[in-house]
Amino acid sequence: MIVAVVREELDNRSALIPEAVKKLMKIQGLEVHVETNLSAHWTDEEYQAAGARIIENREDLYGRADVILRINPSDTREIGYAKRNALHVSLLDPYNNRKLVEAYAKAGVDALSLEMIPRTTLAQKMDVLSSQASLAGYVAVIKAAERLAGIFPMMMTPAGTIAPAKVFVIGAGVAGLQAIATAKRLGARVEAFDTRPVVEEQVQSLGAKFLKVDLGETGQTKDGYAKALSSEQIARQHEAMARAIAGSDVTITTAKLFGRKAPILITSKMLKSLRPGSIIVDLAAGSGGNVEGVEVDKEIVVDGVRIIGIDNLPGEVAVHASQMFASNMVNLLGHLYDVDNDILKLDEGDGADEIALGCLIVRGGAVVHEGIKAHYEGE
Ligand code: NAD
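Residues numbered from 1 in each chain as written. Predicted model: local features only at pLDDT ≥ 70, side-chain atom pairs only at ≥ 80, totals over all residues. Heavy atoms only, no water.

Moving on, we get to the side chain of Asp11. Relative to the assigned elements, Asp11 resides in the loop between β1 (2–5) and α1 (18–25). Here Asn72 takes part through its side chain, which lies 3.0 Å from a polar atom of the side chain of Asp11. Reaching out from Asp11, the side chain makes a polar contact with the side chain of Asn312 at a distance of 3.1 Å. Not counting chain neighbours up to four residues away, the residues in contact with Asp11 comprise Ile71, Asn72 and Asn312. (Helix = DSSP H or I, 4+ residues; strand = E, 2+ residues; numbered from the N terminus. Polar contact = N/O pair within 3.5 Å; in protein donor to acceptor, adjacent residues only side chain to side chain. Contact = heavy atoms within 4.5 Å.)

Here you go:
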């Protein structure tokens, strides 16, 4: 079975690194073919030494693949190069990418969405959302620290004492917790808020303060994602966070709602209360943004506040982001591949489990994921 890895456009990361190629090549029956100049960080020779075949022509690469491995989805033109029944594995954002998903079905290419890997203990090692979110949380703080015209740690000198920077983190999930840890390591005073009360203890264990707000019933989905708040709850949250935001040098927002538009947590009006020169990094920029007016992949200054909306923050640390992504892919393929029968376990009869069935979106020319089908029918 041939696993083909395509070079990403507008993304410094790559879906496999040589070390991961080596691991896949150890699985009997798998071959790895990679597009030439796959990565800016590893050479063709290194991929070759790990056992991969280097393919010059993209159309040729697609045409020979049983599995197409990417970070970002292939476009409709590229998917036309693929063999019928090949499996396309990438982030796919299926809730918001209906046309593309249907184009895969029309081309007869099966599609697996990495966002949909269930959040179970067994699937943790395949979960790219988590591996990439940790890095995003780290990069967000490093970027903010670099942009801030001040320092993070307290400094006592004969010339006087500098107070530590104040960092406020909204959303203490995977990215938020890493942002808290990074800001603490740099010496900042950190406060955080999340609608899921269960994270209070995790925030405190990192040495940060948890902002308590009584929003009434909030809760989380069975997968651990936050539920959307009512407009009254959002209004109450705005009010409660206003003081923390106004007093912060840096605010990191990470609040996302899986498959849906992110909630606006910092309005244009609230921006006016921030000190000029303060920094906001909005990790939800790509899914609508937590900050009113944020622009995707741009840094803008509004009322003296710098708002950073870079979507692909893991791409800024592409070596480690690729390393973690690739490791997730080795675990996923190792899980799906049936060595004895040289097939992928994508059908119940072939031994597909809740991981495979949870993230398989297109199979045999049709959208097969019940949740995605229901979402499209409701549109
Ligand atoms: P996410 O990226 O969807 O959201 C980030 C955070 O924003 C979440 O903590 C969410 O509660 C919070 N949020 C949403 N709306 C908010 C609002 N209005 N105000 C403030 N905060 C808001 O979530 P995530 O970080 O990917 O994951 C959430 C949780 O899922 C994690 O804390 C983790 O415990 C769990 N998880 C489990 C697994 C697994 O078991 N395999 C894998 C990854 C994550």
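This paragraph deals with the domain arrangement of the chain. According to the domain assignment, the chain contains domain 1 (2–116 + 317–367) and domain 2 (134–312). Computed over C-alpha atoms only, the centres of domain 1 and domain 2 are separated by 34 Å. The interface is formed by 10 residues belonging to domain 1 together with 5 residues belonging to domain 2. Note on domain 1 versus domain 2: buried area summed over both sides is about 620 Å², and carbon and sulfur give 70% of it. (Domains from an automatic or database assignment. Buried area = accessible area lost by both parts, 1.4 Å probe.)

Moving on, we come to the site of the ligand. Neighbouring the ligand are 24 residues; Arg119, Val174, Asp194, Arg196 and Gln237 lie closest to it. In this structure, Val174 approaches the ligand through a main-chain N or O atom, which is 2.7 Å from an oxygen atom. Side-chain polar atom of Gln237 to a nitrogen atom of the ligand: 2.8 Å apart, as the coordinates give it. Protein coverage of the free-state accessible area of the ligand, which is 840 Å², stands at 87%. Split by residue class, the shell around the ligand holds 10 nonpolar, 9 polar and 5 charged. (Near = heavy atom within 4 Å. Areas by Shrake-Rupley, 256 points an atom, 1.4 Å probe, with all protein chains shown as cover. Nonpolar A, V, L, I, M, F, W, Y, C, P; charged D, E, K, R; others polar.)

Before going further, it helps to examine α1. What α1 keeps buried is the set Pro18, Ala20, Val21 and Leu24. The buried side chains of α1 occupy one side of the element, clustering within an arc of 155° when seen end-on. Looking at the buried positions of α1, the neighbouring elements they touch are β2 (31–35), α2 (44–49) and α11 (318–336). (Buried < 20%, exposed > 50% of the residue type's maximum accessible area, 1.4 Å probe, protein only. Arc of directions from axis to C-beta.)

Reading across the sheet, the 8 strands line up as β3-β2-β1-β4-β5-β6-β18-β19 and stay open at both edges, with mixed pairing between neighbours. Two strands bound the open sheet, and with one partner strand each, they are β3 (53–55) and β19 (366–367). Taken together, the 2 bridges between strand β18 (residues 360–363) and β19 define a ladder with antiparallel strand orientation. Across the sheet, Arg363 pairs through a bridge with Ala366, a residue of β19. Sitting on the sheet, α11 touches β1, β4 (67–69), β5 (87–90) and β6 (110–113), and the angle it makes with β4 is about 165°. (Pairing = 2+ DSSP bridges. Axes fitted to C-alpha atoms, helices over the stretch in contact; angles between N-to-C directions.)

For the rest of this paragraph, the subject is the pairing of β5. Because side chains alternate across β5, one face comprises the buried residues Leu87 and Val89, and the other comprises His88 and Ser90, equally buried. Pairing of β4 with β5 involves 3 bridges; the strand directions are parallel. Looking at the pairing, Leu69 lines up with Val89 of β5. Here β5 pairs with β6 via 4 bridges, running parallel.

With that settled, consider the packing of helix α6 (residues 128–147) against helix α7 (residues 174–185). In the contact formed by α6 and α7, the axes pass within 7 Å of each other and the chain directions differ by 40°. For α6 against α7, the interelement crossing comes out right-handed. Contacts between α6 and α7 involve Ser130, Ala133, Ser134, Gly137, Tyr138, Val141 and Ile142 from the first element and Val174, Ala175, Gln178, Ala179, Thr182 and Ala183 from the second. Residues of the contact of α6 with α7, tallied by class, amount to 8 nonpolar, 5 polar and no charged. (Left-handed = near helix turned anticlockwise from the far one by under 90°.)

Attention shifts here to the pattern of salt bridges. A full pass over the atoms with the stated rule returns 26 salt bridges. The shortest N-O distance in the salt bridge between Asp194 and Arg196 comes to 3.8 Å. Take Arg196: its relative accessible area is 13%, and that puts it in the buried class. Three or more residues are tied together by salt bridges with common partners; here these are Arg7, Glu8, Glu9, Glu35, Arg58, Arg70 and Glu78. (Salt bridge = Lys/Arg side-chain N within 4 Å of Asp/Glu carboxyl O.)

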